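If you want the building blocks of each chain, they are given just below.
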There are 2 protein chains.
Amino acid sequence: MAFILKSHKVGRYKEDIMAIRFSKVLENKKQSDLGCLLALTAQPNIISFAGGLPAPATFPIKELTEIAIKVREKDGSNAMQYGPARGYMGLRQAIADRMNSLYKNHGMKTVDAKSIMITSGSQQGLDITGRAFIDKDDVVLVESPSYLGALGAFAFEQPKFVEVPTDHEGMIPSELDKILAKTENAKFIYVIPNYQNPTGITWSLERRKAFMEVVNKYQIPVFEDNPYGDLRFEGEEIPPLKAFDTEDLVIYSGTFSKVLAPGMRIAWILASETIMKKFDEIKESTDLCTSCVGQREVAMYMNEYDFEGHIRENCKLYEHRRNVMWEAIQKYFPSDVKCQCPHGGLFLWVELPEHMNARKLFEVCIENEVAFVPGDAFFPASAKNNFFRLNFSYNDDELIIEGIKRIAKAMKEYK
Amino acid sequence: MAFILKSHKVGRYKEDIMAIRFSKVLENKKQSDLGCLLALTAQPNIISFAGGLPAPATFPIKELTEIAIKVREKDGSNAMQYGPARGYMGLRQAIADRMNSLYKNHGMKTVDAKSIMITSGSQQGLDITGRAFIDKDDVVLVESPSYLGALGAFAFEQPKFVEVPTDHEGMIPSELDKILAKTENAKFIYVIPNYQNPTGITWSLERRKAFMEVVNKYQIPVFEDNPYGDLRFEGEEIPPLKAFDTEDLVIYSGTFSKVLAPGMRIAWILASETIMKKFDEIKESTDLCTSCVGQREVAMYMNEYDFEGHIRENCKLYEHRRNVMWEAIQKYFPSDVKCQCPHGGLFLWVELPEHMNARKLFEVCIENEVAFVPGDAFFPASAKNNFFRLNFSYNDDELIIEGIKRIAKAMKEYK
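Residues numbered from 1 in each chain as written. Chains lettered and ligands numbered in written order. Predicted model: local features only at pLDDT ≥ 70, side-chain atom pairs only at ≥ 80, totals over all residues. Heavy atoms only, no water.

Trainee: Would you explain the packing of aromatic side chains in this entry?
Mentor: The description of an aromatic ring pair uses the distance of the two centres, along with the angle that the planes make with each other. Residues and elements named next belong to chain B. For the structure on display, the rule yields 36 aromatic pairs over all chains. Where Y190 meets F223, the ring centres are 5.8 Å apart and the plane angle is 40 degrees; that geometry is what we call tilted. Linking Y190 in strand 7 (residues 186–191) with F223 in strand 8 (residues 222–225), this pair joins segments that are 33 residues apart in sequence. For the pair Y190 and F223, a shared accessibility class is recorded, and that class is buried. Here Y301 and Y305 contribute two aromatic rings whose centre-to-centre distance is 5.7 Å and whose plane-to-plane angle is 5 degrees, an arrangement assigned as stacked. Of the residues examined, Y301 reaches a relative accessible area of 4% and is grouped as buried. (Phe/Tyr/Trp six-rings, centres within 6.5 Å; stacked < 30°, edge-to-face > 60°. Helix = DSSP H or I, 4+ residues; strand = E, 2+ residues; numbered from the N terminus. Buried < 20%, exposed > 50% of the residue type's maximum accessible area, 1.4 Å probe, protein only.)

Encoded structure:
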């Protein structure tokens, strides 16, 4: 073969060319070292607070088995066939009904099932949104800090991330206004107003209203990611941004991953028809449709089982585990380590004294067989190194206490 | 609000700006009218040969119900939890085992389960591949004609499609060689060597070998899409291109959509580790992982049920329906309409006399309550208007015969 190659004057020689040339996006993409770091946390002896996994004890296996049988027996031919890109209408209707019962009293416009698209996990909604809006060097505005998985999905479209100053009540509207006034190519704002990932912060009602005034002023789309809203341990229900969305700018996303079962990969997006038509095109090209059988199972669970009761049980367990972690932190962490107690969700956010680096602490923690996610990756534009995220939903009481003790020990050993 | 807007000198006024600005790719994307056209085929009185749907009668509902119970009872906690981006090892192993038993005697290197990624339908594999390789204006080489869904997925990355001349034995290697010799930015070749969509053509063994020699000469990656390979009605098994892939250039894709159940959305990709590492990044960003419960169900079906026997049953049914359609075509279509009888798969490709336009015939067919897919959309670079695609897997004998009669009637009415 080599002889033939050298004896023929073809346009390119085998020797001249790179065997495989990936797209520029991939070639230029900064390879995050976080993956390698987190791979370390998967060792069996390590107590990991790094993931965002629900507790397997919450999965309603018995009910999901009954449902699996019923769906296959009653509607097997449709469940096993291709379905529409926007999703199974039975599930979209069940989601619309639930959103209406939760939020209509808070002033939200009636949700029409037709405006809902089922996605393969909320991650797919993030990916679709990035592809629909972002061109290279466009600006995406995010809370500071923001969710890693969203930043990662959007990064494929090569935007510039701008962190909008954020305090304990959420993104600061006056700061957002200032940034939007001077930013020409801002495409959308990505926010998690309930029990934010990674900070656990919930936006106040006033903050939400003020935020939406700025949004309406600039007519900029918003991606409202709400995976944790149902995991409320205390305080009143605060309506989503979507309830104040008079101009159809909010893309609202919810998921069954945190309150039912992530392994089913079922989530949804609610948006205006203008946006949804573009999303249809992308959804169809990326996976044709989400699991038709999975969609029917979730719909049946919502319609025929006690979903609200199930969510209340989840909340009880997670509230208890948050309390266990919070008390252990109070007891074992040094007093110069700051931490705010979240009112729901899955995460606790820890601030170290400024001289400490969470990556270095992570290394000491791994030696002590305990792990978390170092916080720097959650800040896409600034470089803050003295934060880390703890998950309190997955481990049981004993492991939580032991893990927090180990982190406290690592803090003492930190040089 | 309007008053405030006008009284403040903000950078942009509400009046000045478009409410929502999508990405340039989406804004520039030629909106295919095929969607609207095919929407017409969904009317209940229309006999549609337009889709590519398997026959629901082939779905092994009873077995899949038993499996659903067993998976949830035995392994519910893992089935309902998040899983690895590359997929559930049990399914990857079952796929590797089957590929080895089918193709090792044909000289294929032993497939390692680690080199397999599970995707949410083969459509996702196409999307991931497009994103991994294509930059705007790069060249993707395809058979002439080629599969619509692949062209649609790749189109999001804005490549130039080059149709490589193709005859009844497949893509013509000498023509491919000529094109590659003068094409600098060719990123990969997309082909369907078995029972191609839309033509039904199967590449000969000699053609496959000669094709791979050209591929190796230019060291260009190949996406070998093999959704229909198991649906062989007659002739010997011809090994896939992957069996001749001495330089790890072939990305092989298979799916359970045509031989088990498309509603589960489970397919796979087999590729070198260099390629797979890039695919991992994209897969994780697009949906984290494919349905963990669905993956376990398919694995159990492969391991504990008679998958090969099930495939044979599918083939019998589809061979019968192909025969019914083929005989009806011989009987009712005018003699100047050409058509080659496929040896497997789901589709028949029809060539009209050059003066006839398949879009116009489609309109007459809709009036006669029968539908197909006009062929022009399968030619991304050339403009051939006298072809159309018929699906023979979905409708029963009576509908097939009646539908072909109606098309024949429309051909007579065509002006």
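Trainee: What is the right way to look at helix 13 (residues 358–367) of chain B in this model?
Mentor: All names here are of chain B. Judged by how many residues are buried, helix 13 sits mostly within the fold: seven of 10 residues are covered. When helix 13 is considered as a whole, its buried residues turn out to be A358, R359, L361, F362, V364, C365 and I366. Its buried side turned inward, helix 13 meets helix 3 (34–39), strand 13 (370–371), strand 14 (373–374), strand 15 (387–391) and helix 14 (397–413). Capping the start of helix 13 is the job of one residue whose side-chain oxygen sits 2.7 Å from the backbone nitrogen of R359: N357. Just past helix 13, the residue E369 takes up positive phi, approximately 60 degrees. (Contact = heavy atoms within 4.5 Å. Polar contact = N/O pair within 3.5 Å; in protein donor to acceptor, adjacent residues only side chain to side chain.)

Trainee: Can you walk me through the state of the cysteines in this structure?
Mentor: Linking two cysteines covalently via their sulfur atoms produces the bond known as a disulfide. In total, this model carries zero disulfides over all chains according to the counting rule given. The structure places no disulfide on C289 of chain A, whose sulfur is separated from the nearest cysteine sulfur, that of C292 of chain A, by 3.9 Å. (Disulfide = S-S within 2.5 Å.)

Trainee: Looking at this structure, I do not really get helix 11 (residues 292–304) of chain A. What am I missing?
Mentor: It helps to recall that an α-helix has 3.6 residues per turn; residues three or four apart then point in one direction. With 13 residues, helix 11 of chain A should cover 18 Å at 1.5 Å per step; its first-to-last C-alpha distance of 18 Å lies within 8% of that length. Along helix 11 of chain A, the residues that are buried comprise C292, V293, G294, Q295, R296, E297, V298, A299, M300, Y301 and M302 of chain A. Lining the buried residues of helix 11 of chain A we find helix 4 (61–79), helix 5 (89–103), strand 2 (116–119) and helix 12 (307–332) of chain A together with helix 4 (61–79) of chain B. (Expected span 1.5 Å × (residues − 1).)

Trainee: Would you take a moment to explain the packing of helix 13 of chain B against helix 14 of chain B for this structure?
Mentor: The geometry of a pair of packed helices is captured by two quantities: the angle between their axes and the separation between those axes. Residues and elements named next belong to chain B. One way to put it is that helix 13 packs onto helix 14 with a least axis distance of 9 Å and a crossing angle of 120 degrees. Regarding the angle of helix 13 to helix 14, the classification is oblique. Like other packed secondary-structure pairs, helix 13 and helix 14 cross with a definite hand, here right-handed. Between helix 13, through L361, V364 and C365, and helix 14, the contact on the second element is made entirely by I407, A410, M411 and E413. Looking at the contact of helix 13 with helix 14, its residues break down into six nonpolar, no polar and one charged. (Axes fitted to C-alpha atoms, helices over the stretch in contact; angles between N-to-C directions. Parallel < 35°, antiparallel > 145°, perpendicular 65-115°, else oblique. Left-handed = near helix turned anticlockwise from the far one by under 90°. Nonpolar A, V, L, I, M, F, W, Y, C, P; charged D, E, K, R; others polar.)

Trainee: What am I meant to see in unusual backbone geometry here?
Mentor: Negative phi is the rule for most residues except glycine; trans is the rule for most peptide bonds. Residues and elements named next belong to chain B. With an omega of 5 degrees, the peptide bond running from S144 to P145 counts as cis. With respect to the secondary-structure elements, P145 resides in the loop between strand 3 (139–143) and helix 7 (148–155). Cis peptide bonds are those with omega within 30 degrees of zero, and the linkage from N197 to P198 qualifies with 20 degrees. Considering the arrangement of structural elements, one finds P198 in the loop between strand 7 and helix 9 (205–218).

Trainee: What exactly am I supposed to notice about the relation of the copies chain B and chain A here?
Mentor: The two chain copies are related to each other by a rotation about an axis together with a translation along it. Between chain B and chain A, which share one sequence, the superposing operator has a rotation angle of 180 degrees and an axial displacement of 0.0 Å; the RMSD is 0.0 Å. Viewed as a symmetry operation, the transformation between the two copies matches a two-fold axis. Taking C-alpha positions as the reference, the residue of chain B nearest the rotation axis is A68 of chain B, at 3.1 Å. Looking at chain B, 100% of its interface residues are interface residues in chain A too, so the copies touch through the same face. (Least-squares fit on C-alpha atoms with pLDDT ≥ 70 in both.)

In short, geometric facts, not functional conclusions.
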